[in-house]
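Observations on the three-dimensional arrangement
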Amino acid sequence: MAVLYIVGTPIGNLGDITMRALETFRSVDLVAAEDTRHTMELLTHFEIRKPMISCRAQNEEVAAGKIIEALQKGQNVAYASDAGMPGISDPGSLLAYKVRQAGFAVTPIPGPSAFATLVSVAGPGGKTLIFEGFLSPSPGKRRKRLRELLETEKAFVLYESPFRIVKLLTDIADIESERRIVVGRELTKFHEEIVDGPASQVRDDFSARESIKGEFAVFVAGILKGRKPDDD
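The rules behind each value
- Residues numbered from 1 in each chain as written.
- Predicted model: local features only at pLDDT ≥ 70, side-chain atom pairs only at ≥ 80, totals over all residues.
- Heavy atoms only, no water.
- Helix = DSSP H or I, 4+ residues; strand = E, 2+ residues; numbered from the N terminus.
- Contact = heavy atoms within 4.5 Å.
- Buried < 20%, exposed > 50% of the residue type's maximum accessible area, 1.4 Å probe, protein only.
- Polar contact = N/O pair within 3.5 Å; in protein donor to acceptor, adjacent residues only side chain to side chain.
- Pairing = 2+ DSSP bridges.
- Right-handed = clockwise from strand over helix to strand, strands pointing away.
- 1 Å grid on protein atoms, 1.4 Å probe; cavity = no way out; pocket = protein on both sides within 12 Å on 5 of 7 lines; lining within 4 Å.
- Points joined across faces, edges and corners; volume = space filled by probe spheres on them.
- Nonpolar A, V, L, I, M, F, W, Y, C, P; charged D, E, K, R; others polar.
- Phe/Tyr/Trp six-rings, centres within 6.5 Å; stacked < 30°, edge-to-face > 60°.
- Lys NZ or Arg CZ within 6 Å of the ring centre and 35° of its normal.

With that settled, the discussion passes to the environment of Arg56. Assignment of secondary structure puts Arg56 in the loop between strand E3 (52-54) and helix H3 (60-72). With 21 residues separating them along the chain, Arg56 and Asp35 place their C-alpha atoms 6.9 Å apart. Setting aside residues up to four positions removed in sequence, Arg56 forms contacts with Glu34 and Pro91.

Have a look at this one:
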């Protein structure tokens, strides 16, 4: 029976692609992608040429139907979002569900994600970790959700664009100025930067910059009770 492979792709550095991901792309009959132009560049870099189909957030349900038709014809399909693991603040989750409901196997091919990459270097944040992804661009809704997350006293991870990162950091600092946060900018890329400190200090750092570029992941540490960060 044909299989849909959900493939993780690099979030910046092409050297992070796995051998299994490359083998999968080479073996399938069809590649579905959030942005076919973006994924085509990745495949071309590794000298892989395959028929492609678009499957983005705006057409995921319709695209899922077309992918199921390909699977019914016995064609194996690989799906890749623009970067990282599909389904993590990217399309792919609905596709995986629809395909499995249609009776076909859905196999994950693990790869990089900004979420896991930042958490791996962020330091202690507590036992529980919440992945929230992008907050609402509406100032009121963003601050409301931030308050809810901060009140849990648990660690959480957000994604943000360069256009709103200062607003996000300002909101966090206004609510809990001393909460430790770690900002990852352009993770795995040439200009990778990781900034760690109290929310107010990190906010001041980015507020003072003349220009801000890149994609951001933000780790907000939980309240550590009964232990210090350097405890064994």
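Attention now goes to the side chain of Arg185. You can see Arg185 is positioned in strand E8 (residues 180-185). Since its relative accessible area comes to 16%, Arg185 is described here as buried. Side-chain polar atoms of Arg185 contact the backbone oxygen of His191, separated by 3.3 Å. Aside from chain neighbours lying at most four places away, what touches Arg185 is His191, Glu192, Glu193, Arg209, Lys213, Glu215 and Phe216.

Among the 6 residues that make up strand E7 (residues 155-160), 6 are buried, leaving the element largely enclosed by the rest of the structure. Across 5 bridges, the pairing between strand E6 (residues 129-134) and E7 is parallel. Bridge pairing links Phe134 to Tyr159 in E7. Between the parallel pair E6 and E7, the chain is carried across by helix H6 (residues 139-151), and the sense of this crossover is right-handed.

What follows deals with the layout of surface pockets. Size it by volume and the largest pocket reaches roughly 730 Å³. Together, 31 residues line the largest pocket, and Ile11, Asp82, Ala83, Gly84 and Glu215 are the ones closest to its centre. Secondary-structure elements contributing two or more residues to the lining of the largest pocket are helix H2 (36-45) and strand E10 (216-220). With 5 residues, the top contributor of residues to the lining of the largest pocket is H2. Residues of the lining of the largest pocket, tallied by class, amount to 14 nonpolar, 10 polar and 7 charged.

The next thing to look at is the packing of aromatic side chains. Evaluation of the coordinates by the stated rule reveals 4 aromatic pairs. Consider the rings of Phe115 and Phe131, whose centres lie 5.0 Å apart with planes at 65 degrees: the pair is edge-to-face. Pair noted here: Phe115 is in helix H5 (residues 114-122) and Phe131 is in strand E6, with a separation of 16 residues, a long-range link. Residue classification places Phe131 among the partly exposed positions, given a relative accessible area of 29%. Summarising the aromatic geometry, the rings of Phe131 and Tyr159 are spaced 5.2 Å apart at their centres and angled 70 degrees between planes, so their arrangement reads as edge-to-face. Here Phe131, found in strand E6, pairs with Tyr159, found in strand E7; they are 28 residues apart in sequence, far enough to count as distant. When the ring centre of Phe206 is taken as origin, the NZ or CZ atom of Arg209, which lies over that ring, is 4.0 Å away.

Nothing here speaks to function; it is geometry throughout.
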